[in-house]
Protein chains: 2
Amino acid sequence: MGKRFLVTNDDGINARGIAALQQELSRDAECIVVAPEVEQSAVGHAITVFRPLMVRKARKNGIVFGYAVAGTPADCVKLGICELVEGPVDLVVSGINHGGNVGINIIYSGTVSAATEAVILGVPALAVSIDSHKEVDYTAAARFARKMAAFILENPMPGVVINVNVPAIPEEEIKGVRVVRQGGARMIERFDKRVDPRDNVYYWLDGESTPSAPEEEDTDVGALRRGMITITPIHCDLTRYDLLDDLKKRVEDGLKR
Amino acid sequence: MGKRFLVTNDDGINARGIAALQQELSRDAECIVVAPEVEQSAVGHAITVFRPLMVRKARKNGIVFGYAVAGTPADCVKLGICELVEGPVDLVVSGINHGGNVGINIIYSGTVSAATEAVILGVPALAVSIDSHKEVDYTAAARFARKMAAFILENPMPGVVINVNVPAIPEEEIKGVRVVRQGGARMIERFDKRVDPRDNVYYWLDGESTPSAPEEEDTDVGALRRGMITITPIHCDLTRYDLLDDLKKRVEDGLKR
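These figures come from a predicted structure and were not determined experimentally.

Enquirer: Would you mind going over the overall build of chain A with me for this structure?
Expert: Looking only at helices and strands, chain A features 6 helices and 11 strands. A compact globule built from 257 residues would reach a C-alpha radius of gyration of about 18 Å, and chain A, at 20 Å, matches this within 12%. Each principal axis of the C-alpha distribution contributes one length, and for chain A these read about 65 × 55 × 45 Å. Per-residue burial over chain A gives 53% buried out of 257 residues.

Right, here's the structure in full:
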């Protein structure tokens, strides 16, 4: 029986990255796009609870290729798996994001959160990003996504999202593939303070800053910067297990009611 | 020198929970509220990048007690620490959330994400939630938040958010305090499909369902349900370290370019 993939992103249903992904993955599976109507970058794992989700069929040259949802990437995955896609989904692929998703910044990522949502719902998932905010060629990233999708189906890892980042360089210059941990680098924000015509203060977040620190090669940040494709297995158990025992002793003694 | 706390939430600046928190914590520290103008539940770690953040001073009986930000909880913490609060912040306290934040569902939580944002910015943080969506008495939760805030200042844990959940029962019936891991329970969603007056399909997420499975007493879900205050140390490194070596072997062999 053929495979069925749900393809989503956070750059919106009309982004070039998702089109490249759908085209390449369609060589192996039926691919249904369920993606946000408009760009949703930096929404993290937001879901929509206080208003309904409008949905329309998305067409290209008159042919339906999926659904546009007026919501977040996590909404798209929830609604796609629970309602829109007929039959079981074998894999959710999120991307190809315009801009890398590495280091601490992945917690802001709609692309990664869409994949996490899939895993919560019991469906394997892959997030794919390309490390550039400029116009780029998605070919190498799409090809690698196809390989990785096949790998995930052959090597099931319940509860795990595979987060892939591809450097924005010509395919032949890519220096290899590395399995790496999530790095600690984060963006150093600054706010641009302004005053509106009615004397109200407002602030623009300037999010295009550079990462805060150099990073080791065994992290996604470091390996990506060195021209490698990075693969990081992530999950959504945030517990600091290493602290549990010590904290248990100190808290349960110190704070007894 | 006195301590300075930034107090935030995701239920909005006028929520009762944040007022209770500010009142109780003010016994130990100067407390500046920086909170969303309107309720932001389930926004997760969303930040606002495509529009500016409007800010106004928030007053009660004519006295300024903080700032209302037309943004998300993570926005409030970023902007509060970087711009609004004068001088260093010793602790960010987020809450008291109306509704528990335990199990997998913490990844949707604006309350927890606000605390995570603080930790990313290098400031210790505490998230506090009370396990009820009905009108509740915040006294016990606020008192425990005060104890926990003092504990965190005495026991610095860089990079760690302390996630506290308090059962919604009278203080004298609370069965104790437990340090526990994040549970695996999640809400089982369903969507309510409707048709608008112009024949467009839309869906309401029904998020009030019950957790999916019974949970052990050593998880936040299980201990909270048994009437205990739960404390869970969490962080934002999502790496599945236990999989790195095996994946490295399998991927780097199998996918070599």
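Structure shown, so let's carry the discussion forward.
Enquirer: For this particular structure, what's the right way to read helix H3 (residues 110–120) of chain A?
Expert: It helps to recall that an α-helix has 3.6 residues per turn; residues three or four apart then point in one direction. Residue and element names in this part refer to chain A. Of all 11 residues making up H3, 11 are buried, and the element is well covered by its neighbours. Taken as a whole, H3 has its buried residues at Gly110, Thr111, Val112, Ser113, Ala114, Ala115, Thr116, Glu117, Ala118, Val119 and Ile120. Along its buried surface, H3 packs onto strand E1 (3–8), helix H2 (73–84), strand E5 (91–98), strand E6 (125–130) and strand E7 (161–166). Downstream of H3 by a residue or two, glycine 122 has a phi angle that is positive, lying close to 90°.

Enquirer: Please explain the sheet that holds strand E10 (residues 201–206) of chain B as it appears in this structure.
Expert: Spatially, the 11 strands line up as an open sheet ordered E8(A)-E11(A)-E7(A)-E6(A)-E5(A)-E1(A)-E2(A)-E4(A)-E3(A)-E10(B)-E9(B), and their pairing is mixed. Strands with a single pairing partner mark the edges of an open sheet, and in this sheet they are strand E8 (177–179) of chain A together with strand E9 (190–195) of chain B. When strand polarity is set aside, the average angle formed by the axes of neighbouring strands in this sheet is 25°. Examined bridge by bridge, strand E3 (residues 53–60) of chain A and strand E4 (residues 63–69) of chain A share 6 bridges and lie antiparallel to one another.

Enquirer: Is there a simple way to explain the nonpolar core in this structure?
Expert: The nonpolar side chains of soluble globular proteins are, as a tendency, buried together. Formed by 166 residues in total, the largest nonpolar core has its most connected members in Leu126(A), Ala145(A), Leu126(B) and Ala145(B). Other than its neighbours up to four places away in sequence, Ala145(B) contacts Leu21(B), Glu24(B), Leu25(B), Val93(B), Gly95(B), Ile96(B), Leu126(B), Val128(B) and Val164(B).

Enquirer: Help me understand unusual backbone geometry, please; the structure alone is not making it clear to me.
Expert: Keep in mind that most residues, glycine aside, have a negative phi and that most peptide bonds are trans. With omega at -15°, the peptide bond leading from Gly95(A) into Ile96(A) counts as cis. Mapped onto the fold, Ile96(A) is located in strand E5. In this structure, Asp199(A) takes a positive phi of about 65° despite not being glycine. Mapped onto the secondary structure, Asp199(A) falls in the loop between strand E9 (190–195) and strand E10 (201–206). If you check the backbone angles, Asn61(B) has positive phi at about 50° while not being a glycine. As for its placement among the helices and strands, Asn61(B) is situated in the loop between strand E3 (53–60) and strand E4 (63–69).

Enquirer: What is the right way to read the interface of chain A and chain B from this model?
Expert: Many descriptions give the size of an interface as the accessible area lost when the pieces come together. The interface is formed by 68 residues belonging to chain A together with 68 residues belonging to chain B. Among the elements that make up the side of chain A that touches chain B, the one with the highest residue count is helix H6 (residues 241–254) of chain A (9 residues). Taken together, the residues that form the side of chain A that touches chain B break down as 39 nonpolar, 15 polar and 14 charged. Alignment of E10(A) against E3(B), held across 2 bridges, turns out to be antiparallel. Counted as the bridge partner of Tyr202(A) is Met54(B) from E3(B).

Enquirer: Help me understand the pairing of E1(A), please; the structure alone is not making it clear to me.
Expert: Looking along a regular strand, one sees the side chains alternate between the two faces of the sheet. Residue and element names in this part refer to chain A. In this structure, E1 lies alongside strand E2 (residues 29–36), joined through 5 bridges in parallel fashion. Each bridged residue has a counterpart across the sheet, and for arginine 4 the counterpart in E2 is glutamate 30. What joins E1 to E2 is helix H1 (residues 16–25), and the crossover it makes is right-handed.

Enquirer: Where do I start with the relation of the copies chain A and chain B in this structure?
Expert: The operation linking the two copies of the chain is a rotation about an axis combined with a translation along the axis. Between chain A and chain B, the superposition needs a rotation of 180° and an axial shift of 0.0 Å, giving an RMSD of 0.0 Å. The two molecules are tied by a two-fold rotation axis, judged by turn and shift. Looking at the interface residues of chain A, 100% of them are also at the interface in chain B, so both copies use one shared face.

Enquirer: How should I be thinking about the pairing of E4(A) in this particular structure?
Expert: All names here are of chain A. Examined bridge by bridge, E2 and E4 share 4 bridges and lie parallel to one another. The residue bridging valine 34 from the neighbouring strand is tyrosine 67, located in E4. Between E3 and E4, which follow one another and run antiparallel, lie 2 residues, and asparagine 61 among them has a positive phi close to 50°.

Enquirer: Would you mind showing me how to read the environment of Lys193(B) here?
Expert: Its place among the elements puts Lys193(B) in strand E9. Distance in space between the C-alpha atoms of Lys193(B) and Tyr203(B) is 4.6 Å, their sequence separation being 10 residues. Those residues within four positions of Lys193(B) in sequence are excluded, and the remaining contacts are Glu83(A), Val201(B) and Tyr203(B).

Definitions and limits used
Residues numbered from 1 in each chain as written. Chains lettered and ligands numbered in written order. Predicted model: local features only at pLDDT ≥ 70, side-chain atom pairs only at ≥ 80, totals over all residues. Helix = DSSP H or I, 4+ residues; strand = E, 2+ residues; numbered from the N terminus. Rg over C-alpha atoms; globule rule 2.2 N^0.38 Å. Buried ≥ 20, exposed ≤ 12 C-beta atoms within 10 Å, placed from the backbone. Contact = placed C-beta atoms within 7 Å. Pairing = 2+ DSSP bridges. Axes fitted to C-alpha atoms, helices over the stretch in contact; angles between N-to-C directions. Core = buried A, V, L, I, M, F, W, Y, C linked by C-beta atoms within 7 Å. Nonpolar A, V, L, I, M, F, W, Y, C, P; charged D, E, K, R; others polar. Right-handed = clockwise from strand over helix to strand, strands pointing away. Least-squares fit on C-alpha atoms with pLDDT ≥ 70 in both.

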